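Inside the fold
Each chain, written out:
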Amino acid sequence: MDLASRYKGVVGLVFGDNPSSNEDSYIQRLLDRISNGTLPDDRRSAIVELQSVVAESNAAQLAFGASGFPVVVGILKDQRDDVEMGVVGLVFGDNPSSNEDSYIQRLLDRISNGTLPDDRRSAIVELQSVVAESNAAQLAFGAASGLPVVVGILKDQRDDVEMTFKCIGDLVDGHPKNRDILASKVLGEDRQAEPALNSILRIILQTSSIQEFVAADYVFKTFCEKNREGQAMLASTLIPQPHPTTRDPLEDDVNMSFGSMLLRGICSGETDGNLETCCRAASILSHVLKDNVQCKEKALKIVLESPVPSMGTPEPLFQRIVRYLAVASSMKSKDKSKSYIQQIILKLLVTWTVDCPAAVQCFLDSRHHLTYLLDLVANPAATVCIRGLASILLGECVIYNKSNENGKDAFAVVDAVSQKMGLTTYFSKFEEMQSSFVFSSSSEGPREDHEPLTRTATPSEAEIEDVDVAGVMDKGNEDHPMLISLFDPSFTGLVKSLEGSIRERIVDVYSRPKSEVAVVPADLEQRSGESEKDYINRLKAFIEKQCSEIQVHASCSTRLCF
């Protein structure tokens, strides 16, 4: 009798008449013996037992799904040369890709045809886990035309939308073909049809759930990462629209482009004073602009009309966002659960300014911006991350500053920092930020205590809720724990690299003799309301006075010599 036959009927013996109550734990025990067992005979026995259980029970196949498939595939890939594990190939086949194809197709059938919400949700979770654990699964998923199936859930099943987002994010992560599928996918029919990316953005701007926002933000992060064509496609739609006359500026207008909806989301707080939607839109814009100078410069050219044209003048998008940051800073909100708005807006400004001298110039075009940013860095009421990110933005105004204009050049910024707080205090903001709860947690990578078999950096709803928001803030760190997921290792790594460049450049600029810098007296600037003729006459008088003083000085020096 072979090993497989010895375990014939094990399902009935173990599970009895009610397998659903015990199969999950039983499958987990077998998988633990396979992956962590030290005795070859025990591991071999567990594999054969698992084969029999899965072969005889559909319910066991479902229990095997999310946890079992990555374990088995991992054994095939990592321990193929281990003679004792050769039985794995006999049980599950020598071609893991063919297994992935059929397994993924079964999951897709459950997602698209399932009538029970719990079963459909379970299939989505299993699919996310498989894709996250195996790169080959992305290829199998594309071959099965699975992405449209998952994206289609966004239209019909809002109760499953958060796990759906995480699954989509993993599927497009580093996979050009799946990115193209997502970019071209349209939801709805006829007049109600709109691109899937637009639908996801609409959910981000309208949802009341922080968890949904975080999960959907992950989709845009993975879609835009190292995807210059995709970023350019989204940036090309950044066209301002007239201010809405309806009560809800984000009502379901499926004819609005992605970029127009994003800009409207950024400006939505202008009328109602709620910057929650603005900061969410700012987070998405940071993905569109990241590491893409062309997209950054295109966005710098966007000029927004004032909400009330008769009471304001148009202003560049970059300066509008800086103004919203100032507004957020001045709001004394009692709701600490939303104490992340300034940080997300600062993340956008820091990302936008990297390698973009034009953004620095735009920032310094307004004299108030530098003063405000200095005050924010020195503000003891601001959180550690706010002060730290404001310090980084200040530093970018030095290292990416190409201006020779007095008052806007790198020396002027460094001098302003020195006068306001001193360089030692300024640099200390970096250390404080790096030791903060948000940055130290992000640098450690994604948490793995809940779902050790997945590699997604997006925490689940349970993970976010597991963090005691009030408790963390009561310990003196008022930065919202949700920022851990948005301040991913790529962003915290960028900030860390900027710190070194900023220190080096500031020391270099500050150590130069001031005589190397042309300093023009403030009273030589044209005064408000002063005509060109009067300004020129005043300059002439100033120069004549200087010449006279030089001559007097020279005459005195000559007499002293004799």
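Numbering of residues starts from 1 in each chain and follows the order in which that chain's sequence is written. Two thresholds apply to this predicted model, a pLDDT of at least 70 for residue-level local features and 80 or more for giving and counting side-chain atom pairs, whereas whole-chain, interface and lining totals are computed over all residues. With hydrogens and water stripped out, all remaining heavy atoms of the structure feed into the side-chain values.

Let's shift gears to the pattern of salt bridges. The salt bridge definition used is simple: a Lys or Arg side-chain nitrogen within 4 Å of an Asp or Glu carboxyl oxygen. Here the structure, examined in full by the defined rule, presents 15 salt bridges. With its nearest N and O atoms 3.7 Å apart, the salt bridge here joins E49 to R33. A residue pair is termed long-range when its members are at least 10 positions apart, and E49 in helix α4 (residues 40–56) and R33 in helix α3 (residues 23–36) qualify at 16 residues. Only protein chains enter the calculation, and the probe is 1.4 Å; a residue is then buried if its accessible area is under 20% of its type maximum, exposed if over 50%, and partly exposed in between. Among the residues examined, E49 registers a relative accessible area of 10% and is labelled buried. Here D365 ties to K408 by a salt bridge, and the two come within 3.4 Å at their closest N and O atoms. Residue D365 is located in the loop between α22 (357–364) and α23 (367–378), and its partner K408 is located in the loop between α24 (384–399) and α25 (410–420); the two are separated by 43 residues in the primary sequence. Accessibility expressed as a relative area gives 39% for D365, which makes it partly exposed. Numbering of helices and strands runs from the N terminus, with a helix taken as a DSSP run of H or I at least four residues long and a strand as a DSSP run of E at least two residues long.

This next bit is on the confidence of the model for the chain. Values of pLDDT, ranging from 0 to 100, describe the predictor's confidence in every residue of the model. Taken residue by residue, the chain gives an average pLDDT of 76. The fraction at 70 or more is 67%. The criterion used for residue contact is that any of the two residues' heavy atoms lie within 4.5 Å. For residues 445–477, every residue scores under 50 in pLDDT, and the model assigns this stretch 58 contacts once sequence neighbours within four places are set aside. This model gives residues 556–562 a pLDDT under 50, and the stretch forms 0 contacts once residues within four places in sequence are excluded.

Moving on to the side chain of K347. Relative to the assigned elements, K347 resides in helix α21 (residues 341–353). The charge count includes Lys and Arg as positive and Asp and Glu as negative, but it does not include His or the ends of the chains. Although buried, K347 forms no salt bridge, and the nearest oppositely charged side chain, D488, lies 4.6 Å from it. Beyond its immediate chain neighbours, meaning those up to four positions away, K347 contacts S286, H287, L486, F487 and F491.

Another point: the nonpolar core. Nine residue types can take part in a nonpolar core, namely buried Ala, Val, Leu, Ile, Met, Phe, Trp, Tyr and Cys, and a core is a set of them joined through side-chain atoms within 4.5 Å. By size, the foremost hydrophobic cluster in this structure holds 126 residues, and its most contacted members are L182, L285 and W352. Tallying contributions element by element places α24 first for this core, with 11 residues. Look past the residues within four positions of W352 in its chain and what remains in contact with it is L285, L289, K296, A299, L300, L317, F318, I321 and A359. Core analysis: the next-biggest nonpolar cluster, separate from the first, contains 10 residues, Y26, I27, I34 and L50 among them.

This part covers the packing of aromatic side chains. Planes of paired rings set the category: under 30 degrees apart is stacked, over 60 is edge-to-face and the rest tilted, where pairs are Phe, Tyr or Trp rings (Trp by its six-membered ring) whose centres lie within 6.5 Å. A complete count under the given rule lists 7 aromatic pairs for this structure. On the basis of an interplanar angle of 75° and a centroid distance of 5.9 Å, the ring pair of F439 and F487 is categorised as edge-to-face. In this pair, F439 is assigned in helix α27 (residues 437–443) and F487 in the loop between α30 (483–486) and α31 (489–511), connecting sequence segments 48 residues apart. F439 sits in the buried class, given a relative accessible area of 1%. For F487, a relative accessible area of 0% translates into the label buried. An aromatic cluster of at least three residues, connected via ring pairs, comprises Y426, F427 and F430. Here the basic side chain of K347 rests over the ring of F491, its NZ or CZ set 5.4 Å away from the ring centre. Comment: the charge-over-ring label is applied if NZ (Lys) or CZ (Arg) is within 6 Å of the ring centre and within 35 degrees of the ring normal.

All right, on to helix α12 (residues 176–184) then. Residues spaced three or four apart along an α-helix point in a common direction, a consequence of the helix completing one turn every 3.6 residues. Here α12 has its buried residues at N178, R179 and L182. In a view along the axis of α12, the buried residues occupy a sector of 105°, so they form one face of it. Seen from the open side of α12, the exposed residues pointing more than 90 degrees away from its buried face are P176, K177, D180 and S184. The arc in question is the one spanned by the directions pointing from the helix axis to the C-beta atoms.

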